[in-house]
Amino acid sequence: MEKRQELYAGKAKSVYTTDDPDLLIMHFRDDTSAFDGKKKESLARKGCVNNVFNAFIMARLEDAGIPTHFEKRLSDTESLVKRMDMIPVECVIRNVAAGSLVKRLGVEEGMALTPPTFELFLKNDEKSDPMINESLAETFGWATPEQLTRMKALTFKVNHVLKQLFAEGDMLLVDYKLEFGIFKGQVILGDEFSPDGCRLWDANTREKMDKDRFRQGLGGVIEAYEEVGRRLGIQFTH
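What counts and how
- Residues numbered from 1 in each chain as written.
- Predicted model: local features only at pLDDT ≥ 70, side-chain atom pairs only at ≥ 80, totals over all residues.
- Heavy atoms only, no water.
- Phe/Tyr/Trp six-rings, centres within 6.5 Å; stacked < 30°, edge-to-face > 60°.
- Helix = DSSP H or I, 4+ residues; strand = E, 2+ residues; numbered from the N terminus.
- Buried < 20%, exposed > 50% of the residue type's maximum accessible area, 1.4 Å probe, protein only.
- Lys NZ or Arg CZ within 6 Å of the ring centre and 35° of its normal.
- Pairing = 2+ DSSP bridges.
- Axes fitted to C-alpha atoms, helices over the stretch in contact; angles between N-to-C directions.
- Contact = heavy atoms within 4.5 Å.
- Polar contact = N/O pair within 3.5 Å; in protein donor to acceptor, adjacent residues only side chain to side chain.
- Parallel < 35°, antiparallel > 145°, perpendicular 65-115°, else oblique.
- Left-handed = near helix turned anticlockwise from the far one by under 90°.
- Nonpolar A, V, L, I, M, F, W, Y, C, P; charged D, E, K, R; others polar.
- Core = buried A, V, L, I, M, F, W, Y, C linked by side-chain atoms within 4.5 Å.

A. Here's a closer look at the packing of aromatic side chains. The final tally for this structure, using the stated rule, is four aromatic pairs. For the pair Tyr176 and Phe193, a centre-to-centre distance of 5.7 Å together with 55° between the ring planes defines the contact as tilted. In this pair, Tyr176 is assigned in strand E11 (residues 171-183) and Phe193 in the loop between strand E12 (186-189) and strand E13 (198-202), connecting sequence segments 17 residues apart. Both residues of the pair, Tyr176 and Phe193, count as buried. Among the aromatic side chains, those forming a connected cluster through ring pairs are Phe166, Tyr176 and Phe193. A cation over an aromatic ring shows up here: Lys3 above the ring of Tyr16, its NZ or CZ 4.2 Å from the ring centre.

Structure representation (structure tokens):
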């Protein structure tokens, strides 16, 4: 597989074309950011940890019948993925009240949400990823009703699989976001699943084990990510 030109550089990942028009190389960098890029830092080992973590989770989701763009891990910091047309709508499930939900509604952090909530956000950094609904997505052409239905079903299926997986490691899957795209006419899961894009708490102490440690200046960010991985049986290289 020949790595060619950089196609896109995001906040924490870079994407490169390859000699296969259907495949891309996704490079996980050590960069991290919060608050729409207002807080930035480079954290040693982060790229490797998230790449290995993501590969593990994507394999579990594929085993559960959830189609993803992930093909294989190429190295400590790079993975091979399908080239998709991304849908600019993020799907968010919340199992426990935290983050922006607490601020918006004034509910207590840590409250169990039964049933879990499902929300849509427009992927637009300049507008701070505003919350939207199905009607807006359809009207402005961001996604079709059929795509939205499929995305919602897959997002809840991911929740069923991962809530149980993290519970086996004595962790709560508080909330998470997913991104989807179209590959050869099919809606499939894209981007990544790592502690960067979800909230994970210790089930007993409620200690935060995700990117909130960076957002809130708690320290030990990568150590927490590695602890999450250790509880799931993931082996990281250094």
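That was the structure; now back to the text.
B. How the structure looks around the sheet that holds strand E6 (residues 70-73). Spatially, five strands are ordered E1-E2-E3-E7-E6 in an open sheet, and the strand pairing comes out antiparallel. Whereas interior strands pair on both sides, the edge strands pair on one side only; in this sheet they are strand E1 (3-9) and E6. For this sheet, the mean angle separating the axes of adjacent strands, direction not counted, is 30°. With five bridges connecting them, strand E2 (residues 13-18) and strand E3 (residues 23-28) associate as antiparallel partners. The partner of Val15 across the bridge, within E3, is Met26. In the packing of helix H1 (residues 46-63) onto the sheet, the strands contacted are E3, E6 and strand E7 (78-82), and the crossing angle to E6 comes to about 130°.

C. Focus on the side chain of Thr18. Within the secondary structure layout, Thr18 lies in strand E2. Of the residues examined, Thr18 reaches a relative accessible area of 7% and is grouped as buried. At a separation of 3.0 Å, a polar atom in the side chain of Thr18 contacts the main-chain carbonyl oxygen of Asp20. Of the polar contacts made by the side chain of Thr18, one reaches the backbone oxygen of Leu23; its length is 2.9 Å.

D. Geometry of the packing of H1 against helix H4 (residues 145-168). Two elements in contact, H1 and H4, have axes whose closest approach is 10 Å; the angle formed by their N-to-C orientations is 120°. Of the possible angle classes, the one that applies to H1 and H4 is oblique. Like other packed secondary-structure pairs, H1 and H4 cross with a definite hand, here right-handed. Contacts from Phe53, Phe56, Ile57, Arg60 and Leu61 in H1 reach Val158, Val161, Leu162, Leu165 and Phe166 in H4. Each residue belonging to the contact of H1 with H4 can be placed in one class, and the counts come to nine nonpolar, no polar and one charged.

E. Fine view of the nonpolar core. Phe53, Ile57, Leu162, Phe166, Phe193 and Leu232 are the most contacted members of the largest nonpolar core, which totals 52 residues. Broken down by secondary-structure element, the contributors of at least two residues to this core are H1, strand E8 (85-96), strand E9 (112-122), H4, E11, E12, E13 and helix H6 (221-232). If you tally residues by element for this core, the top one is H1, at nine residues. By size, the runner-up hydrophobic cluster in this structure holds five residues, among which are Val15, Leu24, Met26 and Phe28.

F. Structural context of the environment of Ile132. Examined against the element boundaries, Ile132 turns out to sit in strand E10 (residues 131-132). Taking the C-alpha atoms as reference points, Ile132 and Gly110, 22 residues apart in sequence, are found 24 Å from one another. For Ile132, the contacting residues outside a window of four places in its chain are Val89, Leu120, Phe121, Leu122, Ala137 and Trp142.

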